Structures are given as C-alpha cells and as structure tokens.
Amino acid sequence: MCLAHEVDKQASRHRRNVHRRRRTASSPATVFSRILLAIATIVILRWAWFPRSSSSPANIAYFIQVSPETVLHLPRLLRVLHHPKNVYLVHFDIKIPASLISRAQTFLQSNSYKKNVFVLPQEAIAYAGISMLLNTINAISEALRYNWDFFINLSGTDYPLLNPDRIRSFLGRADVLGRRLNFLQAQEADKDKEWFVNKRLGRIYIDTTLHSKASQNDGTLIDLNTSSPYNFSDVTFVKSEGWVILHRSFCEYAVNSASGRRLLLSYATARAADELFFGALLSEGDEFRRTMTWDSFRFIKWGLHGTRWSRPGYLDEIDEEIREELRESGAFFARKFRNCESELKDFIDENMSGMAQRAYGVNDSSVAEFAQKAETRLHRATAVQSVTAGHFQV
Ligand SMILES: *[C@@H]1O[C@H](CO)[C@@H](O)[C@H](O)[C@H]1NC(C)=O
Ligand SMILES: *[C@@H]1O[C@H](CO)[C@@H](O)[C@H](O)[C@H]1NC(C)=O
Ligand SMILES: *[C@@H]1O[C@H](CO)[C@@H](O)[C@H](O)[C@H]1NC(C)=O
Ligand SMILES: *[C@@H]1O[C@H](CO)[C@@H](O)[C@H](O)[C@H]1NC(C)=O
Ligand SMILES: *[C@@H]1O[C@H](CO)[C@@H](O)[C@H](O)[C@H]1NC(C)=O
C-alpha cells in the first residue's frame with residue numbers, strides 16, 4: 001500500500017511538472033511526448049511493483065477428501081465449486097464401498113470435469129494420525145504438476161458460500177496474491193501451551209496405516225500411553241485448525257524442502273499433526289512468517305453440544321437462525337453439512353453464492369451484500385501483519 005501511495009505521489013509530481021512545462025514550452029509535440037513518457041513511467045513502475053494486476057483472478061487447486069458419509073455430496077459440491085481454470089484433486093476414503101466409487105468416477109468422466117478433476121490413489125487414513133497430514137502433502141505434490149496459485153483443502157461436508165469467480169478474484173487481488181499470503185485459522189482454546197504440547201507431542205501415538213497394506217487397513221491410531229523421550233521445550237508449536245489456504249510458493253517449500261521433511265518426521269508420532277505442521281513451518285523462517293494470516297475464511301460451529309472440544313456441529317441440523325449467522329460471517333466456506341441435498345444449501349445458492357441452478361432463483365441484492373461482507377473480512381485479515389515466531393497461537 002505504501003508503495004502504491006509512493007507511485008501515486010510520483011505520478012502527480014510528474015503531472016504537475018508536465019503542467020508547469022506546458023505553460024512555458026511552446027511546442028505541442030514536446031508536451032505530448034512528455035505526457036507519453038510520464039504515462040509510460042507510471043505503467044512501468046506499477047507493473048514492476050505489482051507483477052500481476054489486481055484484476056487477474058487466482059487459479060486454485062482444491063483438495064477434496066471424501067469419506068463414506070460424504071461421497072454422495074460430491075456432485076453438488078463440484079457443481080458449485082467448479083471452474084474450468086481451477087484444478088480439483090479428489091481423494092476417496094478406502095472405506096467407501098467400491099460400487100459407490102465407480103459411480104462417482106463415472107460422473108467425474110463427464111465432459112466438464114474430465115479436464116481438471118483428478119482422482120488420487122487411495123490411501124488409508126487414521127483419524128488424528130500422521131497419515132492425514134501425509135495425505136494432504138501427497139495431494140499438494142500431485143497438484144504441483146498443474147498451474148495454480150493457491151491450495152485449498154476441503155472435505156465432502158464443506159460447502160462454498162461464494163461462487164467460483166468471486167473466490168478467484170478475491171484471492172487474485174494484488175494485496176493477497178501479490179504478497180503470497182498463507183491463511184490458517186487460529187482456534188480458541190481454554191488450555192495452555194504446555195497442556196497442548198504434552199497432549200499432542202508429549203505422548204507416542206502409532207499410526208497403524210503406515211505399517212500395513214492400505215486395502216486391509218482399518219486406520220487406527222494407537223496411544224502407547226508412553227511419554228516421548230524428546231524435550232519439546234524449544235519446539236515451535238503453532239496450533240491451528242486443519243483447514244488452510246496456502247500459496248504455491250509455500251506449498252513447494254513444504255513438500256520439497258529439507259525443513260519440511262524434517263518437521264514431518266518429527267511429528268510422526270504426534271496426535272493431529274495436520275493442525276500443527278503448516279503453522280510451525282510457516283513461523284520457522286523469516287521468509288514465510290511474514291505471509292502468515294490468521295483467518296482461513298471458514299464457518300465452523302464448534303462446541304454446539306456444550307464442550308468446546310467437541311467436533312463441529314452439522315449446520316443443517318440447527319434451526320433457521322443459522323442463516324443469519326452465515327450471512328453475517330463473510331466466510332468463503334461453511335461446514336459441516338449432514339445432507340447432500342438440504343434447504344440450507346438451497347438458501348446459500350440463492351441468497352449468498354448465487355449458484356442456484358434456476359437463474360431466476362437468485363437474489364442478486366442479497367448475493368452482492370454477502371460478497372461485500374466477505375470482502376470486508378478478507379480486507380480485515382490481510383490488513384494485519386501477523387505473527388511472532390514460536391508463539392502459541394490457539
Ligand atoms: C485438510 O482438510 C481435511 C478435511 O477433510 C482436514 O481433516 C485436514 O486436517 C486438513 N488439513 C490438513 C493439513 O491435512
Ligand atoms: C497409562 O499409564 C498410566 C501410568 O503411566 C496408567 O495409570 C494408566 O492406567 C494407563 N492408561 C492406559 C489406558 O493404559
Ligand atoms: C529441555 O530443554 C530446556 C532448554 O533447552 C532445558 O532448560 C530443560 O532442562 C530440558 N528439560 C529436560 C527434562 O531435559
Ligand atoms: C432467500 O432469502 C429469502 C429472504 O431474503 C427467502 O424468502 C428465501 O426463501 C430464501 N431462499 C431459499 C432457497 O431459502
Ligand atoms: C432479496 O434479498 C434482500 C436482502 O436480503 C431481501 O430484502 C429481499 O426480500 C429478497 N428478495 C426476495 C424476492 O426474496
């Protein structure tokens with residue numbers, strides 16, 4: 001922003017100079033060439049500082065993890081998420097019956113999807129085990145074969161609140177894409193750092209999926225009930241939620257760097273490393289720490305059933321008040337949804353994203369109002385230059 005201001009100042013200085021000379025110089029040709037020169041200078045300076053203009057949308061790689069409960073959600077999710085210039089990588093959980101997977105694959109072969117929706121090899125995943133993080137890292141490696149700017153992970157129970165063009169243009173803004181920002185969601189906590197370090201790193205958990213054939217695996221995480229021999233007092237510990245929006249440059253670093261490999265191994269026996277890895281890696285070095293932004297634009301309803309640590313609630317099982325909350329949120333995505341077809345999704349398509357299938361069913365003023373909320377939230381998140389290294393962020 002400072003740079004833009006400086007460019008503007010220089011530009012107006014140029015203009016003033018041009019004016020002054022116009023009064024003294026007599027030849028219109030000279031005046032004209034000076035104006036041309038000034039304009040060229042401005043254009044070149046702007047281009048040099050903002051290599052991509054604010055109007056060029058970001059390409060996005062979506063990683064969608066599909067579970068047995070959410071495989072039927074996929075058609076509707078893809079319909080509202082799909083854009084020909086994005087890339088979509090779909091992972092089907094190993095526990096999904098083969099007949100359902102082959103139906104889904106047939107559907108993905110349809111014309112609009114077959115160019116940019118790809119199915120990943122199936123891997124067994126243990127809930128809260130390192131295999132969850134490994135699966136995401138494998139998806140990033142695979143995605144890096146294609147052209148995109150941001151990586152976003154979703155599960156089958158997520159649903160977008162904005163249409164694909166809007167998300168692409170928001171993330172394509174010069175103050176987002178130009179700064180190569182990375183977005184994580186901090187999680188509120190009522191526990192302290194020591195409690196977390198002990199619970200997540202201080203005990204040894206064995207992810208059984210790493211040690212047996214994927215096809216026969218039930219994917220369990222075994223708590224050895226043994227404390228870890230490592231001393232974690234100096235470790236960078238950053239706790240976030242698992243949903244992320246990551247810039248390509250950081251993705252390359254995460255999957256290809258020695259630091260990334262080292263951190264991944266050091267979390268091999270941790271619990272829920274998917275909530276620790278990216279935050280810690282981002283805050284370890286100066287290069288990426290500056291890009292860390294504490295909002296991943298998700299709407300999640302924690303603690304519905306009393307405790308803060310319960311899993312997120314199903315939005316389509318809450319009463320209608322949730323609609324107002326969603327509209328106020330300015331989030332890009334919401335979760336979780338129990339049903340693949342629900343009135344709440346219809347509401348979102350008609351009044352928030354504008355993705356309703358019947359064109360006359362879209363409430364344009366309501367959609368515009370929500371987009372404004374999302375833009376405000378994006379602006380608020382990116383205006384804050386975050387975060388101090390090694391701090392406990394929950
Ligand atoms: C990515 O999304 C899934 C939702 O399927 C989530 O469980 C996981 O923790 C996410 N994050 C990472 C880093 O794998
Ligand atoms: C875990 O270990 C502690 C002692 O270190 C023991 O009291 C407790 O019963 C053990 N829990 C399980 C589930 O084995
Ligand atoms: C762990 O490391 C810290 C700092 O490096 C040190 O002060 C502390 O005594 C160590 N704890 C143990 C149990 O070795
Ligand atoms: C969209 O919102 C209007 C009120 O603003 C409501 O009457 C309508 O039912 C909503 N659409 C859906 C599909 O829920
Ligand atoms: C469209 O949305 C606006 C703003 O939320 C609302 O006031 C209006 O009643 C809606 N129109 C229709 C036809 O539902």
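Residues numbered from 1 in each chain as written. Chains lettered and ligands numbered in written order. Predicted model: local features only at pLDDT ≥ 70, side-chain atom pairs only at ≥ 80, totals over all residues.

Looking at an unreviewed UniProt entry, the protein chain carries the name Beta-glucuronosyltransferase GlcAT14A, with the source organism given as Gracilariopsis chorda. The record in UniProt for the protein chain states the following under Subcellular location (unreviewed entry): "Membrane". (UniProt positions renumbered as here; feature names shortened; annotations may be inferred.)

A. Representation of the nonpolar core in the model. Ranked by size, the top nonpolar core spans 87 residues in total, and within it Tyr62, Phe151 and Leu161 carry the most contacts. Take this core: its biggest share by element is seven residues, from helix 6 (residues 130-143). Apart from the residues within four sequence positions on either side, tyrosine 62 is in contact with Leu81, Asn86, Tyr88, Ile152 and Leu154. (Core = buried A, V, L, I, M, F, W, Y, C linked by C-beta atoms within 7 Å. Buried ≥ 20, exposed ≤ 12 C-beta atoms within 10 Å, placed from the backbone. Helix = DSSP H or I, 4+ residues; strand = E, 2+ residues; numbered from the N terminus. Contact = placed C-beta atoms within 7 Å.)

B. Quick look at the sheet that holds strand 12 (residues 333-335). One open sheet holds the three strands; their spatial order is 5-12-11, and the pairing between them is mixed. Single-partner strands in this sheet number two, and they are strand 5 (159-160) and strand 11 (298-300). Note: strand 5 against strand 12, two bridges, orientation antiparallel. Looking at the pairing, tyrosine 159 lines up with alanine 334 of strand 12. (Pairing = 2+ DSSP bridges.)

C. Here's a closer look at the site of ligand 4. Taken together, Asp346, Phe347, Glu350, Asn351, Asn363 and Ser366 make up all the residues around ligand 4. A total of four residues in the shell around ligand 4 trace back to one element, the largest contributor, which is helix 14 (residues 343-353). (Near = placed C-beta within 6 Å.)

D. Representation of the sheet that holds strand 1 (residues 60-66) in the model. The strand order 3-2-1-4-9-6-10 describes an open sheet built from seven strands, whose pairing is mixed. Of all strands in the sheet, those with a lone pairing partner are strand 3 (117-119) and strand 10 (292-294), marking the two edges. When strand polarity is set aside, the average angle formed by the axes of neighbouring strands in this sheet is 25 degrees. Pairing of strand 1 with strand 4 (residues 150-155), which is carried by six bridges, proceeds in the parallel orientation. When the sheet's bridge partners are listed, isoleucine 64 is paired in strand 4 with leucine 154. Docked against the sheet, helix 9 (residues 248-256) engages strand 4, strand 6 (182-186) and strand 9 (240-247), running at close to 115 degrees with respect to strand 9. (Axes fitted to C-alpha atoms, helices over the stretch in contact; angles between N-to-C directions.)

E. Highlighting the packing of helix 6 against helix 9. The geometry of helix 6 relative to helix 9 is characterised by a closest axis approach of 10 Å and an angle of 120 degrees between their N-to-C directions. Of the possible angle classes, the one that applies to helix 6 and helix 9 is oblique. The chirality of how helix 6 crosses helix 9 is left-handed. Contacts from Ile137, Ile140 and Ser141 in helix 6 reach Cys251, Ala254 and Val255 in helix 9. Across the contact of helix 6 with helix 9, the residue classes break down as five nonpolar, one polar and no charged. (Parallel < 35°, antiparallel > 145°, perpendicular 65-115°, else oblique. Left-handed = near helix turned anticlockwise from the far one by under 90°. Nonpolar A, V, L, I, M, F, W, Y, C, P; charged D, E, K, R; others polar.)

F. Quick peek at unusual backbone geometry. Note the cis peptide between arginine 335 and lysine 336, where omega equals -5 degrees. Counting through the fold element by element, lysine 336 comes out in the loop between strand 12 and helix 14. One non-glycine residue, alanine 272, adopts positive backbone phi at about 50 degrees. By secondary structure assignment, the location of alanine 272 is in the loop between helix 10 (258-266) and helix 11 (277-284). On the neighbour-count criterion, alanine 272 (20 C-beta atoms within 10 Å) is buried. Of note in the backbone geometry, phenylalanine 297 takes a positive phi value of approximately 60 degrees without being a glycine. Topologically, phenylalanine 297 is positioned in the loop between strand 10 and strand 11.

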